[in-house]
Amino acid sequence: MSISTSVLSDLLQALPHLRPQLYFKASLTALSHAMEDQVLAATLEQPLVIANFQRERFYRQEAHRYQRLAQISNQIYVLSAPETDFANSSEYYEKIAFEPDDPLSQEWHLVVIAQNYATCLVCRESVGSLAKHKQIREVASSLDMDAARRFEGIWTAERGVSLKAAEFLLQRILTYRPELTDKVEQAKQRLGIGTTEGQELSTPEQNNEYACDIDTNPFVQRLVTYLQASQYKLHKAYRSISAQARKERLVNSISTAIRRSLDPQEVLKVAAQELGQNMAASRCLIYRAQATDSKATIEHEFLNNGLVSVLGKKWPLANNPLFQSVVQDGEGICVTDVIHEPRVTGSRELWRLVEKFAIRSWLIEPVLFQGRLLGIVELHYCTEVPHEWQTGEVDMVKAIATHLGSALIQAEAYANLEDLNQQLEALDRTRSNLIAITGHELRTPLSTIQVCLESLSTEPDMPPELRQVMLNTALSDSERMRKLVQDFLTLSNLESGRVEWHPESLTLKECIDLSLSRVNTRVVQEQLPEITTDVAKKLPLVKADGDWLVEVLAKLIDNACKFTPSGGQIKISAHLNKQHMVEVTVADTGRGIEPNRLEVVFDRFYQEEGALRRTAGGTGLGLAICRQIVIGWGGEIWAKSSGKDQGSEFHFTIPVFEGSQGQKRSKVNSN
Ligand code: ADP
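Described below are features of the structure shown in this document. Only a predicted model underlies this, so the values are computations on that prediction, with no experimental measurement involved. (Residues numbered from 1 in each chain as written. Predicted model: local features only at pLDDT ≥ 70, side-chain atom pairs only at ≥ 80, totals over all residues. Heavy atoms only, no water.)

Digging into helix α18 (residues 546–562)
Quick reminder of the rule: Helix numbering and strand numbering both begin at the N terminus, where a helix is a DSSP run of H or I of at least 4 residues and a strand a DSSP run of E of at least 2. Helices are assigned an expected span. That span is 1.5 Å times one less than the residue count. Throughout, exposure labels follow a simple rule: accessible area from a 1.4 Å probe, protein chains only, divided by the maximum for the residue type, with under 20% read as buried, over 50% as exposed, and the rest as partly exposed.
For α18, spanning 17 residues, the distance from its first C-alpha to its last is 24 Å, which sits close to the expected 24 Å at 1.5 Å a residue. Across the 17 residues that make up α18, a large majority, 14, are buried.

In structure tokens:
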């Protein structure tokens, strides 16, 4: 079967005065529907209607209308390229199935001819319209892109043009359905198609003669309805595009803030501002909260002019039914009107907030990370008319909350990392210090021992007294080394938590006595300062590890003895303090400590004279060990002194043994 040329081209060639125009598919649909409705509404006698739908799928959407048209006239012809079951038939109206590659498949035709009425739509789809359409779809997927397909062609009510179009189309119909020749001939004759009489009627004046007794109202009304409908669709599409764009802008600005700063405060501040502004909210609050918190402090706020700020205020959480629901369900809540929300009206606490801060509509969205609550985003509308929450808005807040969740975790992880880094650096510094100091501390006595032993071995004739001096020096320095190593190990064990604690109920007085006897055995040859004790009567039992408690006391008393001249005094006292802890004080009248040294004396290897000029012996680790021990049982230790030569006081606290009132005594090692 020979494939013909385009009907539009034929028409333009036959009637060169015609100027084709551009039409979007949406307009053609509106026009076609209006033309068909006009036929249905007007009382036309057996109108001829020829419609070409390009492809079967487009025809299907309209098939029912053509069944209605078929009730008015038996001269209805419907053309389409078949896709599934569209085939030549004469059931309700004449169906003409043309070849898929017939130029007809690129064209859209609708021709209506009656005795006193004629109109036609002859268009051809612009080449590349679909390809462009695909590109546009990528840009704005929410627009109804099919409606943007473009056609060029003629839409007119000129009778002459309509007759010519009908003539061309009827010719095509006959090439596919020659058996319809008689029927087509009848229509042509009746309506003057293909005759010179018909073509003479192509001037506008003559046209008007025919058109005047037709009521064009239904046509116009339908057209307006269709236009309105497409306008509405367009509006909707634009609204959703602009909502999408708004969301993207917002998410972008918050992501930028997250990228720029790892400071969560900065990120939350930007998020509150952007979200509040974007949502045109009266107030947007962002605060950190955990599921078990009873209160939160409002840290970030976006506030519309003239409203009461809640920044820095405490926000109830424990007795806040909205917050509790959010925690329980892990889902946000949006309240359109607080007046109709029983969780708000039924809570005195929430109603107080509503009244004080004029909240009318309320949205609470959790900031979660892997199910863990990190914070809350709140939006308030303080308007006369309650705010109707749109799905898009709620989704946007959710998206932002999700972003904030990851940002907060990221910032937290970073902060932890920073902390760890600092700890590592501190550890590294300590390690280097330790190596340097321990090396030095050990080398000094070791060299002395070495010198003494060398002298002893190389000088066999050394007088016995000098020999004795050498031996004593070597012995005392090796003892110093032993102590140093022991203290160092003790401190390392305490600091690394490798010590096992055996807390028991103890009588403090006995521990003091034990430590005093230990001091006395250690410093036999020296003249000690006077030592007195003043322990409050009825002092409760303390709860501590006995060995370690004696160790602390002995070290403090040792120090007091070391730094107090023999004529001085040392006083050991104990009382129950306001925190219900037993506070022990070892005070002396010795050389005192400068105020700016009161803290550092607890650092390891701190010695006022410096390691090289040590006169009083000791390792410089005693107070560091005491501090670790006291912290271990939950107490505190501190030093007081009015300055040089003003004496010193060392205080430490021990928890009280909460239990038997009896003076139960545990055995304390006395080694
Ligand atoms: P040391 O083994 O040197 O005594 P400590 O850690 O026990 O080490 O003490 C650290 C430093 O604190 C001492 O070297 C001394 O300078 C200061 N100090 C400790 N106790 C007293 C005290 N009772 N009076 C004055 N200074 C003291």
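Some details on unusual backbone geometry
A negative phi angle is the norm for most residues apart from glycine, just as the trans form is the norm for most peptide bonds. In this structure, glutamine 370 takes a positive phi of about 45° despite not being glycine. Tracing the sequence through the fold places glutamine 370 in the loop between β13 (361–369) and β14 (372–381). Given a relative accessible area of 75%, glutamine 370 falls into the exposed group. A positive phi angle is found at aspartate 645, which is not glycine, with a value near 60°. Summarising the element assignment, aspartate 645 is placed in the loop between β20 (637–641) and β21 (648–655). According to the relative accessible area criterion, aspartate 645 is exposed, its value standing at 54%.

Remarks on the nonpolar core
Selection rule: Nine residue types can take part in a nonpolar core, namely buried Ala, Val, Leu, Ile, Met, Phe, Trp, Tyr and Cys, and a core is a set of them joined through side-chain atoms within 4.5 Å.
Counting residues in hydrophobic clusters, the biggest one holds 50 residues, and the most contacted among them are Leu508, Leu549, Trp633, Phe652 and Ile654. The element best represented in this core is α18, accounting for 9 residues. The next biggest cluster of nonpolar side chains, apart from the first, holds 34 residues, and it includes Tyr23, Phe53, Ala70 and Cys123.

Section: the sheet that holds strand β10 (residues 300–303)
Note the following rule: Being paired, for any two strands, means DSSP has found at least two bridges between them. Orientation is described by lines fitted to C-alpha atoms, with helices fitted over the stretch in contact, and by angles between N-to-C directions that extend from 0 to 180 degrees. By definition, residues are in contact when any of their heavy atoms lie within 4.5 Å.
Within the open sheet, the 5 strands sit side by side as β10-β8-β14-β13-β12. Their pairing is antiparallel. Every interior strand has two partners, whereas the edge strands, β10 and β12 (333–335), have only one. Looking at each pair of strands side by side, their axes are set apart by 10° on average, direction ignored. Both β13 and β14 contribute to a ladder of 9 bridges, which runs antiparallel. The residue of β14 that forms the bridge with valine 367 is glycine 375. Packing of helix α11 (residues 264–278) onto the sheet brings it into contact with β8 (283–288), β10 and β14, and relative to β10 it is tilted by some 20°.

Re the packing of helix α2 (residues 25–41) against helix α10 (residues 217–260)
Keep this limit in mind: Angular relationships are summarised with four words: roughly parallel below 35 degrees, roughly antiparallel beyond 145, roughly perpendicular across 65 to 115, and oblique for the angles in between. Helix crossings get a hand from a simple test, with the near helix turned counterclockwise from the far one by less than a right angle marking a left-handed crossing and a clockwise turn marking a right-handed one. Asp, Glu, Lys and Arg are counted as charged, while Ala, Val, Leu, Ile, Met, Phe, Trp, Tyr, Cys and Pro are counted as nonpolar; the rest, among them Gly, fall into the polar class.
Two elements in contact, α2 and α10, have axes separated by 8 Å at closest approach and are oriented at 150°. By the angle class used here, α2 and α10 are roughly antiparallel. When the axes of α2 and α10 are compared, the crossing they make is right-handed. On α10, the residues that touch Ala30, Leu31, His33, Ala34, Met35, Asp37, Gln38 and Ala41 of α2 are Pro218, Phe219, Arg222, Leu223 and Tyr226. Classifying every residue of the contact of α2 with α10 gives 9 nonpolar, 2 polar and 2 charged.

Some details on the sheet that holds strand β19 (residues 581–588)
Ordered in space as β16-β18-β19-β21-β20, the 5 strands form an open sheet in which the pairing is mixed. Across the chains shown, the open sheet's two edge strands, defined by having one partner strand only, are β16 (530–535) and β20. Put simply, the sheet's adjacent strands are angled 15° from each other on average, direction ignored. Relative to β19, strand β18 (residues 569–576) runs antiparallel, the two sharing 7 bridges. Across the sheet, the residue bridging to leucine 576 is valine 582, located in β19. Of the strands in this sheet, β16, β18, β19 and β21 touch α18, which is tilted by about 175° from β21.

Describing the packing of α10 against α11
For the pair α10 and α11, interaxial distance at closest approach is 9 Å and the crossing angle is 165°. Considering the angle they form, α10 stands roughly antiparallel to α11. Helix-helix and strand crossings are classified by hand; for α10 and α11 the assignment is right-handed. The residues of α11 that touch α10, namely those facing Arg246, Leu250, Ser253, Ile254, Ala257 and Ile258, are Val267, Val270, Ala271, Glu274, Leu275 and Asn278. Of the residues contributing to the contact of α10 with α11, the split by class is 8 nonpolar, 2 polar and 2 charged.

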